[in-house]
Amino acid sequence: MEQRRRLPPLNALRAFEAAARHLNFSRAADELSVTPGAVSQQIQNLEDYVGVALFKRTPKGLLLTDPAQIALPALREAFDRLAEAASMLTAAVDGRRLTVSVAPSFAAKWLVPRLGKFETLHPMVDVWISAGMELVDFNSGEIDIAIRYGSGRYPGLEVQRLMQETVMAVVSPELLENQPLNELEDLKGQILLHDGSPDADESCPDWTMWLAARGVRGVDGSRGPRFNQSSLVIEAAVGGRGVALAKRALAQADLDSGRLVAPFQIATAVDFAYYLVFPKAKGRLPQVKAFVNWLTAEAEAHEAMIRSMDNGAGI
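Along each chain, residues carry numbers from 1 onward, in the same order as the chain's sequence is written. Totals for whole chains, interfaces and linings use every residue, but because this is a predicted model, local features are given only for residues with pLDDT of at least 70 and side-chain atom pairs only at 80 or more, for both listing and counting. The basis for the side-chain values is all heavy atoms of the structure; hydrogens and waters are excluded.

## Topic: the packing of aromatic side chains
Working definition: rings of Phe, Tyr and Trp (its six-membered ring) pair if their centres are within 6.5 Å, and the pair is stacked with planes under 30 degrees apart, edge-to-face with planes over 60 apart, and tilted otherwise. Throughout the structure, instances matching the rule amount to 12 aromatic pairs. Pairing Phe16 with Phe55 gives two aromatic rings, centres 5.9 Å apart and planes at 65°, and the pair type is edge-to-face. On the criterion of sequence distance, the pair formed by Phe16 in helix H1 (residues 10–22) and Phe55 in strand S1 (residues 55–58) is long-range, its members being 39 residues apart. The residues Phe16 and Phe55 share a single accessibility class, namely buried. Arranged with centres 5.5 Å apart and planes meeting at 70°, the rings of Tyr149 and Phe272 form a pair that is edge-to-face. The numbering of helices and of strands both runs from the N terminus, where a helix is a DSSP run of H or I of at least 4 residues and a strand a run of E of at least 2. Exposure categories follow from relative accessible area, calculated using a 1.4 Å probe and restricted to protein chains: below 20% of the type maximum is buried, above 50% is exposed, and the middle band is partly exposed.

## Remarks on the packing of H1 against helix H3 (residues 36–50)
Each axis is a line fitted through C-alpha atoms, and for a helix only the stretch in contact is used; angles between axes span 0 to 180 degrees, taken between their N-to-C directions. Running from amino to carboxyl end, H1 crosses H3 at an angle of 110°, the nearest separation of the two axes being 8 Å. Judged by the angle between their axes, H1 and H3 are roughly perpendicular. For H1 against H3, the interelement crossing comes out left-handed. Contact with H1, carried on its side by Asn11, Ala12, Leu13, Ala15, Phe16 and Ala19, involves Val39, Gln42, Ile43 and Leu46 of H3 and no other residues of that element. Partitioning the contact of H1 with H3 into residue classes produces eight nonpolar, two polar and no charged. An angle below 35 degrees is treated as roughly parallel, one above 145 as roughly antiparallel, one from 65 to 115 as roughly perpendicular, and anything else as oblique. Two helices crossing with the near one rotated counterclockwise from the far one by less than a right angle form a left-handed crossing, whereas a clockwise rotation gives a right-handed crossing. Residue contacts are counted whenever heavy atoms from the two residues lie within 4.5 Å of one another. All residues other than Ala, Val, Leu, Ile, Met, Phe, Trp, Tyr, Cys, Pro, Asp, Glu, Lys and Arg, Gly among them, are scored as polar; the first ten of these are nonpolar and the last four charged.

## Digging into the nonpolar core
We call a set of buried residues a nonpolar core when its members are Ala, Val, Leu, Ile, Met, Phe, Trp, Tyr or Cys and they connect through side-chain atoms within 4.5 Å of each other. Among the nonpolar cores identified, the biggest contains 62 residues, and Leu111, Leu187 and Phe291 are the most heavily contacted of them. Considering each element in turn, this core owes the most residues, seven residues, to helix H11 (residues 286–311). Sequence-distant contacts of Leu187, defined by excluding residues within four places in its chain, comprise Leu181, Leu192, Trp207, Trp210, Leu211, Val219, Val243 and Phe264. Counting residues in each nonpolar core, the second largest holds 21 residues, with Leu13, Phe25, Phe55 and Leu75 among its members.

## A word on helix H9 (residues 230–238)
For H9, a buried count of seven out of nine residues is recorded, marking the element as mostly surrounded by other parts of the structure. Against the buried residues of H9 lie helix H5 (104–111), strand S6 (158–170), strand S7 (192–195), strand S8 (226–227), strand S9 (243–247) and helix H10 (248–257). Residue Gly240 follows H9 closely and has a positive phi angle near 80°.

Next up, the structure:
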């Protein structure tokens, strides 16, 4: 039986990869939760093991030596494969569990109502929903895939666009019957409901911007209740509390059911969109592949339905 070549200590390799990425021992130490001295010692151990210097110290800071630059890509790939192997072990132990990080509003208004289809197609996969607004840390290994509303720039991760978003005014049919909205100026007598989600999308209009862009005067776009979740402003509109400026993808199910109507047939496109985000190693897991394929198809069907409505009878 062929004997495997003895490998350098894993901690020394981790210290080298982190120091090479940051070109700074202190930042590498912070990432690894050790002291800079410990990182320096691990680098020295690795240099002694391989017999070559890995860093050059210059007046401007650290630089990689030629051997280090050559070896670094292969080392990073090796760590990715280790992460993949660990994910596969976790999946096997957890009965092929799939954990999805997603914003609460998107989970409640779009994803969860569709999950039954995925469960029917893949009965051996248990989907765990982790709903929260914070950006997930994939390094913990607990999250397999995330659905993010943003710009699409997520360095170091696999990114797949799901669908775009638009903003539109929506209201309950009961409120509209009592207080008709035939012209934009009719908003003067309405309570305006505000979506105060912390999205950081500067292209997404609030009521003040929306009204100003359409030349509407005499309506105070700053007044009215504000909600920090998109689903809450939609539910407030369904309950007849006022007119909401809502994200259409999240409000569409209520529009389809007749719980909401769009009185002005105006949809304003925004820069942000919904994206699937996951580490490359996670993307090799069978349950992640299945979920990506299924969710992409669902998003394509949703956007096709929206296009058919807008090109036909309107919103």
